[in-house]
Each structure stands twice: as C-alpha cells, then as structure tokens.
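Working through the structure, step by step
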Amino acid sequence: MYDQNQDSAIFSGNTEEKHSIIGKRLPRHDAWEKILGETKYAEDYKLSNMLHLKILRSEYPAAKLLSIDISLAEQLPGVEVVLTAKDVPKNETVTKFGQTHDVGGFAGFSRTLADKKVRFMGEAVAIVAAKDVKTAAKALKLIKVDYQPLEGVFDPEVALKEDAYKVGEEETNLVCNYKVRKGNIDEGFKQADVIVENTYRVPMVDHAYIEPESGVAWMGEDKVINIRAATQVIEHFRGIAEILEIPHNRVRVIAPMVGGGFGGKEDITVETFLALVVQKTGKPASLTYTREESILAHSKRHAYVMKYKTGATKDGKLVAMEAKLIQDSGGYIYLSPWVLLYSTVNATGPYDVTHVKVDTCSVLTNNTFGSANRGFGANQPCFAYESQLDELAKKLNMTPLEIRKKNFLHTGDALATGRVLEHAVETEATAEKALAALGKPTEPWAPHIKIGQGLAASMGSYGRNNFIHDTSRSYVGVELDGTVVIRCGVQDIGCGQCSSLAQIAAEVLGVSLNDVTVYYGDSALTPLAGTTTATRQLYMSGNATIKAAKVVRSNLAKIAGEQLNANSDDLVFKDHKITAPDGNSLSFDGVIKSCAGQGGELYAIEQFNAPAKDLINFKTGQGQVFSDFTFGTIAMEVAVDTETGKVDVLKIVSCFDVGQCINPLSAEGQMEGGAIYGLGYGMCEEVILEKGITLTHSLGEYILHSSMDVPKVQTIMIESGGGVGPFGAKGIGEPATVPAAPAFSNAVADAIGQRIFDLPVSPEKIVKAIHNI
Amino acid sequence: MKQYPVQFKVNGKSREVLVTADETLLDTLRNQLEVFEVKNGCEQGDCGACTVLINGKVVNACLTLTVQISGKEVTTIKGIGTDEKPHPLQKSFHKHGASQCGFCTPGMITSSKALLDENPNPDIDEIKKGISGNFCRCTGYTKILDAIESVANENQS
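Conventions we followed
- Position numbers for residues count from 1 along each chain, tracking the sequence in the order it is written.
- Chains carry letters and ligands carry numbers; both start at the beginning, A for chains and 1 for ligands, and go up in the order they are written.
- For a predicted model such as this one, the threshold for reporting local features is a pLDDT of at least 70, and the threshold for listing and counting side-chain atom pairs is 80 or more; totals across whole chains, interfaces and linings nevertheless cover every residue.
- Note that water and hydrogens are dropped before the side-chain values are worked out from all heavy atoms of the structure.
- A run of DSSP states H or I qualifies as a helix once it reaches four residues; a run of E qualifies as a strand once it reaches two. Both are numbered from the N-terminal end.
- For a compact globule the rule gives 2.2 Å times the number of residues to the power 0.38, and the radius of gyration it is set against comes from C-alpha atoms.
- Whether a residue is buried, partly exposed or exposed follows from its accessible area with a 1.4 Å probe, protein chains only, as a fraction of its type maximum: under 20%, in between, or over 50%, in that order.
- Note on contacts: a residue pair is in contact if any heavy atoms of the two residues lie within 4.5 Å.
- The protein chains shown are the only cover counted for residues, whose accessible areas, like all others here, come from Shrake-Rupley with a 1.4 Å probe.
- Charged-residue counts in this description rest on Lys and Arg as positive and Asp and Glu as negative, His and the chain ends being excluded.
- Lys charges are placed at NZ, Arg charges at CZ, Asp charges at CG and Glu charges at CD.
- When two parts are brought into contact, each loses some accessible area as probed by a 1.4 Å sphere; the total of that loss over both is the buried area.
- The term salt bridge refers to a side-chain nitrogen of Lys or Arg lying within 4 Å of a carboxyl oxygen of Asp or Glu.
- The term polar contact refers here to a pair of N or O atoms within 3.5 Å; inside protein, the definition further demands a hydrogen-donor-capable atom paired with an acceptor-capable atom, and it admits residues adjacent in sequence only when both atoms are side-chain atoms.
- Residues are grouped as follows: Ala, Val, Leu, Ile, Met, Phe, Trp, Tyr, Cys and Pro are nonpolar; Asp, Glu, Lys and Arg are charged; every other residue, Gly included, is polar.
- Only strands that DSSP links by at least two bridges are regarded as paired with each other.
- The split of the chain into domains comes from an automatic or database domain assignment.
- Interaxial angle, 0 to 180 degrees, is taken between N-to-C directions of lines fitted to C-alpha atoms, where a helix line uses only the stretch in contact.
- The definition of a nonpolar core used throughout is a set of buried Ala, Val, Leu, Ile, Met, Phe, Trp, Tyr and Cys residues joined through side-chain atoms within 4.5 Å.

Brief notes about the overall build of chain A
Across its full length, chain A carries 18 helices and 33 strands. Here the C-alpha radius of gyration of chain A, 27 Å, is about what a compact globule of 773 residues would show, namely 28 Å. With respect to the three principal axes, the spread of C-alpha positions in chain A is 80 × 75 × 50 Å. In chain A, buried positions account for 64% of the 773 residues. Of the contacts formed within chain A by residues at least 6 apart in sequence, a portion of 80% connects residues at least 24 apart. As displayed, chain A offers around 26900 Å² of accessible surface, 49% of which is attributable to carbon and sulfur atoms.

Set out below in structure tokens:
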C-alpha cells in the first residue's frame, strides 16, 4: 500500500487490503462536535448555586510557614469557607513506587496544602470558596500568612552537596538514583580512537495546553463526591478519597474531552481542592486556574544537567558511552523517579554501544516541581546522545547518517539494560527516508544566511513500566438495530483515543465508524482503562477493545454459522453483513436479533494485561522496563541569519515506524504536532526561574510557536506490523516529539559550524556563539 | 460597582445584559449568556481561544469590555455554521483532521473565516498571518493550514 496525501506517505509491507476501517483516512467519529463548537470541556459545565474557588499560593519558593490568619477572609460577605492544611483530613500522603513490585526505597511525599515549610513558589496554601470568582479573589487578599523566608536551593548540583539547604523536613535532597552497566567502561575508552565529552543542559518547560486546569464537583444524593475535571487520570479517585479519608467508592471522577494534556494533567490539579470544598460544605464547586496559576503551579518537564562522554573507533563504531544525568525534581517528588527511570533506559538511545556506564539521580530543589511531559524522560537524553553523535561524526569526517548506520540497534539486539528488542526496530529505515525526503540543501539567498541540515533518531517507549502490571478494560456491546456501544474508561485528551477504539470495534464487527458510540472517562460507569499517559491507550485499551469485540463477534458468528451452514471461523463481517464463503449472507442486525432471541450475550467486557517478565533489577540496572518501543527520525533544514541569530525552519520531515497505522489523519496529526511540540523545546520554550521565582508566567512571555514560525511538517510512516498494539500497531503520541529538539540543534550546528549545548537554541545563544561572546 | 445595561446581538439573536464597566465580553458570554463555544484559554489576549467576530472583525473576547459593544453583532463559531449547514471551512477542518483536542478550534475557524471574508484567495503566508493570533498546541498547524488552503483554492477555481 502506498497512500499519498500531499507530501505524506505510508510505506507498508502489506500489499493486499486487509482492513476495511483500520488504516483508513477517516475523520474521527466525534470530529463534528468539536468543529461545530458543541464539545463540553471541563469549564463548560455549570451547576446551579455552585461555589467558586480560588487558591492562595505561596509568594516564596522557600519559607517557614509560621502562621495563617483567615479570620478576615472568612468574614467577607459571600465567602462560604476558607480551608488550610489543618482542614484537610489527610494532608500528607506518601506514594510508594512500584505498586505491585518492590522497587526500592523511594516514596513520593506530598501535601495537598502547604504546611510547616513551603517548598516552591506557587505551592497551594489555602482554598477560598465564595459565591463568585470576584469575591473569592478579594478574600485571598484578606488572608494573612506569616512567612519566614529561607535561603532555598535552586541548582540541583548544589542541592546534592552534603551541607546544602534541605528542601523538605525529613527527606534528603537526593530523591533516587539508578545505574546501568554494560561491559567495562575503562576498556571501552581504551578502544576508542576519538572521544567527545560535553555537558548539556535542558530547561524546565511547560505543557501549555490551551485549556487551563478546570473542573466542577458536587455531592451526589448517595453521598458520592462527583468530580468532572480536565484530567488524564480518572483513577485519581482513589488518591483523592484517601486525602478525604473516605472509602474509594465514594469518589467518582469524570473526564470530559480534555483540551490538551501532554502529561500536565496527569497529576492531580483542581480535583482535590474541589472535593474538599464539597465534603466540607455539601455544595457544588468550580475551579479554573488562571494561565499564570497554570504556569506557576502545575508540573513541568524536568530540567536536566547531562554529562556525556562518548567514544568511537575510527570506523565510527560506538565503543564507550558514559552518561551522568542529574534531574531537577523541584519542590516535590511527584513522578520524578518514574521519569528518571525512563531517561535511564533511554540514555544510550537506539544504539548498540559496547561498553556503557550510566548513572542518574533526581534531586529536590525549591524550583517548580517536575513531572510528566510528553516523552516522559526520553527527550532530555535524546538531545545529549544525538548531539554527541554529530560531534563524533564531525571528528571522524563522517556524515551524521553514516555514523548512525554503523550503530543502530536492530531486531534481536539488546539494550544496555540487557533487554533484547524482540519486536520491530526500523530506526535505520526511518533515518534514510527522512534524510532522503529532506533533499538537497536550499541555496542561501544572502551572504549572511547560512543553511544547515540536521537529523536525530530516537526511541520512545509505549505502555507503562511493566513492573506495575498494567491493565485496561473495555466493554463492547451491540444493540438490536446493529449499532455498537463501547464503554471504556479512557480519557480522551485530543489524540483520538475514543475514535481509535471505535475504529477497532467497527473493523472487527464489520460496521461503519459512525455506527459506534463511545462512552468514556467515567470512573463510575465505564470499565477502568488506566491512565491516558505513557502512550498506552491505543496499546492497552485498543487490545482490551479488540479482545471484547472478538468475543461479541464470536457469539454472533456461532449463530450465523448455524443459519448459513458454514464454519463460524470462516465468516466475514463487513458492511453490516455476515457472509459465508459460498457468498450467502445475513444482515448484522438480523443475527443480533436471533442471538438476543436465544438469550445470547450481546456484549463482552475484557481485560488486557501488559506482559510483565524479566523485570528490571534496580541494583544492577538489568532487565525489562517496557513492553516495546517506537523508533523514528526527524530531519530538518534551517536558515540561520548570522547577524541576528534568527532561525527560519525551512523543512521538517518526520518518519516513524508506527507498526500499523490505525488512522492516517490521527497518526499524522500526532507526528506533525509532536514535531512542532519538540521544535519548541529545541528553539524557544523555557520556563525561566530566578531563584525559584517564575519570570515567564504568561503565554506572551513563555514563547510558543505560532503558525507564522513553523513550516508544514512532512510525515512518512513505515508500517512494519511489528508492534504489540492492536493489528500490530505501535504507539506514536509521545515518541513523535522526542527527536525534534536535537534535529533542530544539529541543523543549526551544521549551519554555523558550532554547537550550542544548552536548550533552547535561541537567537541570543547563536549570535554569542558566532561572535565568540 | 455601578452596572450598565448593554444590548447587542449574538449570532443574530438580541441579548440584553447588566454589566459592570470592567466586565469582559468573555465573562459576559460564558457566565451570563452560557455561550460556551467561546473558550477561556488565558484571559490575556495571548492564545486566541476566545476569538469572536464583532461586526465581522476578529477580536479576542477577553480583551473586549462588554460596555464597548453596545448595538453590535457578535458572531461565534455557532453563528458561522451549523450541523445542517456547516461552513465550507468547517467541512474542510473535518475532512483534513484539523481538530485534535478541539479547544482552539472555535477560535481558529473564526479567525480563518474573517481572513477568507477579507481575502478569499490568500497565499500560504497570508493564511499563516491570518491565524497567527490563535495558538494550537496539538496539530503543529499543518492540517489547519491544509484545511484553510483547500477552501482558499476552491474559492479561486
């Protein structure tokens, strides 16, 4: 199959048309609602007489919290309640990592409202609930907090020192560390003919979804607290219940369509604040963060310092890689140990390196806390290892593609962690195709314009750590008129999570996409499907849905087989018909009615379990962490104005092996959006903090790409069929963004002949590099 | 604070509200009139999610005071097209997969409509400029540009 739409292309090993719905360029089943302005996001849901919340946030990144006086605020007419740490039933929680598998000592201490010691600027101190937003805002100003500012620590390397300021009370600043060892690193460097050693720094960045954090909550007549919020994780109902000290089944979380997540709505944001007010007052409540509050107070992608020493033989073979990664966890731990684990596994990239020594650690500071962000720890080391490869290539007088081709991992090879890649690994093909599509360099149009081309390859996992024994459940049912219903607790954050499930069920049952309705994201009513994170929903819930759809199909096939006098396995479900090999067929709804008439089961609910084997040993760094990886390459061409440092990105090509494309419109959308999301990381995005104080607290100061700043992205998909998702699919959401930043910085280095080691590669840094300032 | 009566139209329908002088059109639309298709993204004029047309011209509702629009006509995405009669831009956004999370979509299509009303045959740079006030974090703009270009090309032929 060769599917050509404008510049995009799909290369598939399959020449025959295997599917009628899968792989088709279909608008999502729920696309019209969004395009007509009908979709009800978190803030578009109002309840009568609901209270409006505002959160008082710490003015200091590090301070002793001496006292809080809420009496004036409480007395303001229209204020319903003011809550501080002492009002939270269980304000201090500790999340153990590993869930079902003991992975070692680290545990995530967290507070709902600040107490004793403030750990980052913007930490929540008090909640005000009032009759309207204006009154709540006014009440915030009447709360008197007595802080004793403390020195704090803002540099993770300084925070690691023995006599450093302590961010917490009991904890050390060191959150956790991991290591990976392969071969003998000293021996490796002895074998190396060239060695490059550099330190790379990547900044904290924001998710900058267009929809800010928002939600409403109300008390049900059954005393269940209902929360409808913009979240990637409805299963936070358990954690929220624990903070409220009520049973898990007394909290329900509903995720409506989410206006972008990217990992920033993976941790709890507004939910607990809302639930506390509902618990206290019995009244409905609403809360939407301002943009400033969103940038100040929700998680960020972690800043890292990365020291890489990489050695190669004169033929370009990588013989040694020593990497030390220091992650700035910020004021709280949240998902830092998980993110760091991903970085550790990804530290050597999609390359076969003979001798490896990787040491990573996460450190508390008084900066905004870090947590999940699209790529989840794969992005940071990719910038470092891909920069190192270009530096080696330069020394060896090789092209960037030549050195990579000598080192790419292939199916059957092992990562430095010992994990054998048993599924498809098409990195080399993606690099060749991406570079070929980039074509010959554009001619510079003025003496001060320098053209550069660069590429970066990457690996990115899909599916969560397998030691947590990840599961997803999905319900598939057929109605008497031949329509199909899916109930699945996925959160749809814009990637088409629901529509992909609809396509899978439509394919298996032989109906059209618009015949499927998907009920999603409700912890009370839809079977729990886990988080919409870790690029796991197509893989996990897709597999659960295909499993359930096949059970329903088999129930119907049994009855149809009897009526058609054919073997039920030989029947074809297509176009609302069930057809036997002899050409005789029955209508889909007719068979459903027969099945119902016999008391047959018209539905199935199935669970998919991610495989969990050869689990990683954290002491040795050997073993498996992920089910599989998605491999790909992004190539870019840039024009650098050497007078101003301004860069125009002329071309972007993104090529990934997606296993099996479920829907080209959605998969291309992930690759195009992923490339630009990652380009922002490389080119302009940075949450700037000065001693823990955020300076970039609006979308005017935090620089995002507008339509004028970027070219269209050309996408090329390879369909190896070798993924572990439904129909052989691999996940693409997060992997698609990973190599964009180093592709950009490599292109700039190619243009100006010098490398910039700190992201973002801004005009200022380029001018300084060119003029040696 | 003193309240002022203000009369204006939303998608052809007359509306009358009482507002303080500092109330933004975004607040009035969402909180008084339940016009939820106009999105709140930043309230600072940076993101474009609250884009509406006032007498056919593009504005950010969050930077417009309701007292300023007395007697004027506000058009939102729902005034541009409906389920029965979608605007060609909406059909094109649908066909090209130009909406992902969809939160920027109402504002994005509204800006695109204003652009095409003014210039039915824009080139790619004019299209990029026309929607430069509307951030999209999901699509990378590629499919949005494809969708608008496709309508512009139809206008040309």
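Some details on the overall build of chain B
Secondary structure assignment for chain B yields six helices and five strands. In chain B, the order of α-helices and β-strands from amino to carboxyl end is β-β-α-β-β-β-α-α-α-α-α. Computed over C-alpha atoms, the radius of gyration of chain B comes to 16 Å, within 12% of the 15 Å expected from 2.2 N^0.38 for 157 residues, which places it in the range of a compact globule. Of the contacts made within chain B by residues no fewer than 6 positions apart, 53% connect residues no fewer than 24 positions apart. Approximately 6400 Å² of chain B is accessible, and the part contributed by carbon and sulfur atoms is 45%. Charge separation in chain B, taken as the distance between the mean sites of 17 positive and 19 negative side-chain charges, equals 3 Å.

Side note on the interface of chain A and chain B
Of the residues lining the interface, 55 residues belong to chain A; the matching set on chain B comes to 53 residues. Carbon and sulfur atoms supply 57% of the area that chain A and chain B bury against each other, a total of about 4400 Å² over both sides. Joining chain A to chain B, the criterion identifies ten salt bridges. Across the pair Lys134(A) and Asp22(B) runs a salt bridge whose closest N-O atoms are separated by 3.6 Å. Where chain A packs against chain B, one counts 28 residue pairs in polar contact (both at pLDDT 80 or more). Counting residues per element, the ones that place at least two in the side of chain A that touches chain B are helix H1 (31-35) and helix H16 (664-683) of chain A. Grouping the amino acids of the side of chain A that touches chain B by side-chain chemistry returns 23 nonpolar, 17 polar and 15 charged.

Structural notes on the side chain of Thr344(A)
Residue and element names in this part refer to chain A. Here Thr344 is to be found in helix H9 (residues 336-346). Overall, the relative accessible area of 5% leaves Thr344 in the buried class. At 2.6 Å, the side chain of Thr344 and the backbone oxygen of Leu340 are in polar contact.

A look at the pairing of strand E17 (residues 304-312) of chain A
Residues and elements named next belong to chain A. Of all nine residues in E17, seven are buried; the element is thus mostly enclosed. Here nine bridges tie strand E11 (residues 194-202) to E17, and the two strands are oriented antiparallel to one another. Its bridge partner being in E17, Asn198 is matched across the sheet by Tyr308. Here nine bridges tie E17 to strand E18 (residues 318-330), and the two strands are oriented antiparallel to one another. From the neighbouring strand, Lys307 faces E18, where its bridge partner is Lys324. Between E17 and E18, which pair antiparallel and follow one another directly, the connecting turn spans five residues, one of which, Gly316, has a positive phi of 95 degrees.

Side note on the domain arrangement of chain A
Residues and elements named next belong to chain A. Parsing chain A into structural domains produces domain 1 (9-14 + 299-465 + 615-770), domain 2 (43-150 + 213-288) and domain 3 (471-609). Taken over C-alpha atoms, the centre of domain 2 sits 39 Å from the centre of domain 3. In this complex, domain 2 contributes 19 residues to the contact, which on the side of domain 3 involves 18 residues. When domain 2 packs against domain 3, the two sides together hide about 1300 Å² of surface, and 57% of this comes from carbon and sulfur. On inspection of domain 2 and its partner domain 3, the count reaches one salt bridge. In this structure, Asp522 engages Arg252 in a salt bridge whose closest nitrogen and oxygen atoms are separated by 2.7 Å. Between the two partners, domain 2 and domain 3, sit nine residue pairs in polar contact (both at pLDDT 80 or more). Taken together, the elements giving at least two residues each to the side of domain 2 that touches domain 3 come down to helix H6 (237-244) and strand E14 (251-254). For the side of domain 2 that touches domain 3, the element with the highest residue contribution is E14, accounting for four residues.

Looking at the sheet that holds E18(A)
Residues and elements named next belong to chain A. The strand order across the open sheet built from five strands is E10-E19-E18-E17-E11, with neighbouring strands paired in mixed fashion. Strands with a single pairing partner mark the edges of an open sheet, and in this sheet they are strand E10 (174-182) and E11. Each strand of the sheet is rotated relative to its neighbour by a mean of 5 degrees, with strand direction disregarded. In this structure, E10 lies alongside strand E19 (residues 355-364), joined through eight bridges in antiparallel fashion. Along E19, the bridge assignment pairs Lys179 with Asp359. Across the sheet, H9 lies against E10, E17, E18 and E19, angled at about 20 degrees from E10, the strand it touches most.

Some details on the nonpolar core
Side chains of nonpolar character tend, in soluble globular proteins, to be buried together. Counting 204 residues, the largest nonpolar core has Tyr308(A), Leu556(A), Phe744(A) and Phe93(B) as the members making the most contacts within it. If you tally residues by element for this core, the top one is helix H14 (residues 537-564) of chain A, at nine residues. The residues contacting Phe744(A), other than those within four sequence positions of it, are Met636(A), Val638(A), Val647(A), Val649(A), Leu679(A), Gly682(A), Met683(A) and Val761(A). Counting 35 residues, the second largest nonpolar core, distinct from the first, contains Ala217(A), Phe237(A), Val270(A) and Leu287(A).

Re the sheet that holds strand E3 (residues 63-69) of chain A
Residue and element names in this part refer to chain A. Taken together, three strands build an open sheet; the order of strands is E7-E3-E9 and the sheet is antiparallel. Each having just a single partner strand, strand E7 (117-118) and strand E9 (144-149) make up the two edges of the open sheet. With six bridges connecting them, E3 and E9 associate as antiparallel partners. Paired with Ala63 across the strands is Pro149, a residue of E9.

Concerning unusual backbone geometry
A negative phi holds for most residues other than glycine; trans holds for most peptide bonds. All names here are of chain A. Residue Pro760 follows Leu759 across a cis peptide bond; omega there is -10 degrees. Following the sequence through the fold, Pro760 ends up in the loop between helix H17 (740-752) and helix H18 (763-770). A positive phi angle is found at Glu245, which is not glycine, with a value near 55 degrees. Within the fold, Glu245 resides in the loop between H6 and E14. One non-glycine residue, Thr535, lies in positive phi territory at about 50 degrees.

Quick notes on the pattern of salt bridges
Opposite charge on two side chains lets them pair, provided their charged atoms get close. One pass over the structure, following the stated rule, counts 43 salt bridges over all chains. As a salt-bridge pair, Arg30(B) and Glu43(A) come within 3.9 Å of each other at their nearest N and O atoms. Here Glu43(A) lies in the loop between H1 and strand E2 (51-57) and Arg30(B) lies in helix H1 (residues 25-32), a pairing that spans two chains. Note on accessibility: Arg30(B) and Glu43(A) belong to one class, buried. Taking the shortest distance from any N to any O, the salt bridge between Asp206(A) and Lys300(A) comes out at 2.9 Å. Placement of Asp206(A) in the loop between E11 and strand E12 (214-219) and of Lys300(A) in strand E16 (residues 300-301) is noted, with a sequence separation of 94 residues between them. Just as Asp206(A) is buried, Lys300(A) falls in that class too. What you see here is one network of salt bridges that share partners, running through Glu386(A), Asp390(A), Glu391(A), Arg404(A) and Arg755(A).

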